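Next come the chains, spelled out residue by residue.
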Amino acid sequence: TGLADPAPVVYTVQTNPKMSDNYRIDSIVCLADCKHIGAHLDEKKPDGSINEALQQVAFADKILLNKIDLVTREEKEALEARLRTINKFATVIETERSRAPLDKILGLNSFNMESILSYDPSFFESEE
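To keep things clear, this report deals only with the structure shown in the data block. These figures come from a predicted structure and were not determined experimentally.

1. Description of the pattern of salt bridges
And then number 1: Following the criterion strictly, the structure yields seven salt bridges and no others.
And then number 2: Note that Arg 82 is salt-bridged to Asp 42, the shortest N-O span being 2.5 Å. Of this pair, Arg 82 sits in helix H5 (residues 73-86) while Asp 42 sits in helix H3 (residues 37-42); the two residues are 40 residues apart in sequence, bridging distant segments of the chain.
And then number 3: What makes Arg 82 partly exposed here is its relative accessible area of 28%.
And then number 4: A single salt-bridge network, built from bridges that share partners, covers Glu 43, Lys 45 and Glu 52.

2. Some points on the nonpolar core
And then number 1: In terms of nonpolar packing, the biggest core is built from 25 residues, with Leu 41, Val 57, Ile 63, Leu 65 and Leu 83 touching the most fellow members.
And then number 2: Secondary structure elements with two or more residues in this core: helix H1 (7-15), strand E1 (29-33), H3, helix H4 (52-59), strand E2 (62-66) and H5.
And then number 3: For this core, the leading source of residues is H4, giving four residues.
And then number 4: When neighbours within four sequence positions are excluded, Leu 83 is seen to be in contact with Leu 41, Val 57, Ile 63 and Leu 65.

3. Observations concerning unusual backbone geometry
And then number 1: The backbone of Arg 97 shows a phi angle near 55°, a positive value even though the residue is not glycine.
And then number 2: For Arg 97, the location among the structural elements is in the loop between strand E3 (91-94) and helix H6 (113-119).
And then number 3: Accessibility expressed as a relative area gives 63% for Arg 97, which makes it exposed.

4. Quick look at the pairing of E2
And then number 1: The buried count for E2 comes to five of five residues, which makes it a mostly enclosed element.
And then number 2: Side chains of E2 alternate between two faces, with Lys 62, Leu 64 and Asn 66 and Ile 63 and Leu 65 buried alike.
And then number 3: Direction of pairing for E1 relative to E2: parallel, over a ladder of five bridges. Pairing of Val 29 across the sheet is with Lys 62, part of E2.
And then number 4: Bridge count between E2 and E3: four bridges; the pairing is parallel. Considered in E3, the bridge of Lys 62 is made with Thr 91.

About the cut-offs
- Residue positions within a chain follow its written sequence, with the count starting from 1.
- In keeping with the predicted nature of the model, local features appear solely for residues at pLDDT of at least 70, side-chain atom pairs appear and are counted solely at 80 or more, and the whole-chain, interface and lining totals rest on all residues.
- To get the side-chain values, take all heavy atoms of the structure and skip hydrogens and water.
- One side-chain nitrogen of Lys or Arg within 4 Å of one carboxyl oxygen of Asp or Glu is enough to make a salt bridge.
- A run of DSSP states H or I qualifies as a helix once it reaches four residues; a run of E qualifies as a strand once it reaches two. Both are numbered from the N-terminal end.
- Per-residue accessibility, obtained with a 1.4 Å probe over protein chains only, is compared with the maximum for each type, and a residue is labelled buried under 20%, exposed over 50%, and partly exposed between these values.
- What makes a nonpolar core is a set of buried Ala, Val, Leu, Ile, Met, Phe, Trp, Tyr and Cys residues whose side-chain atoms join them at distances within 4.5 Å.
- The contact criterion used throughout is that any non-hydrogen atoms of two residues lie within 4.5 Å.
- Between any two strands, pairing holds if DSSP finds at least two bridges.

As far as function goes, none of this settles anything; it's purely spatial.
Now the structure itself:
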């Protein structure tokens, strides 16, 4: 489906010494379909399930807003404002046909744990 909760990956890399000593998270990039992301963000999940689209937007430090050619300027601006209410830290990069400028998403060391903790202060608390 392309939707996955980034939290377990981040948690593993940040808390497992074998991982954190050898790897780092450069960035968390969310590819958002401008035409359909609103419906995914509104999706109600069964009890106990998370909304993966919401998690991806919340945890991202880069949001590739794709298919901007399929919406009006007003729809795009409304969506960007909505994304900002979920994640004020992420850089939004507009794309068409998933053509993204790689120099704006790779090798930037833009991952910021503080933005995740502002969204979910209990991120590192163990679940029982």
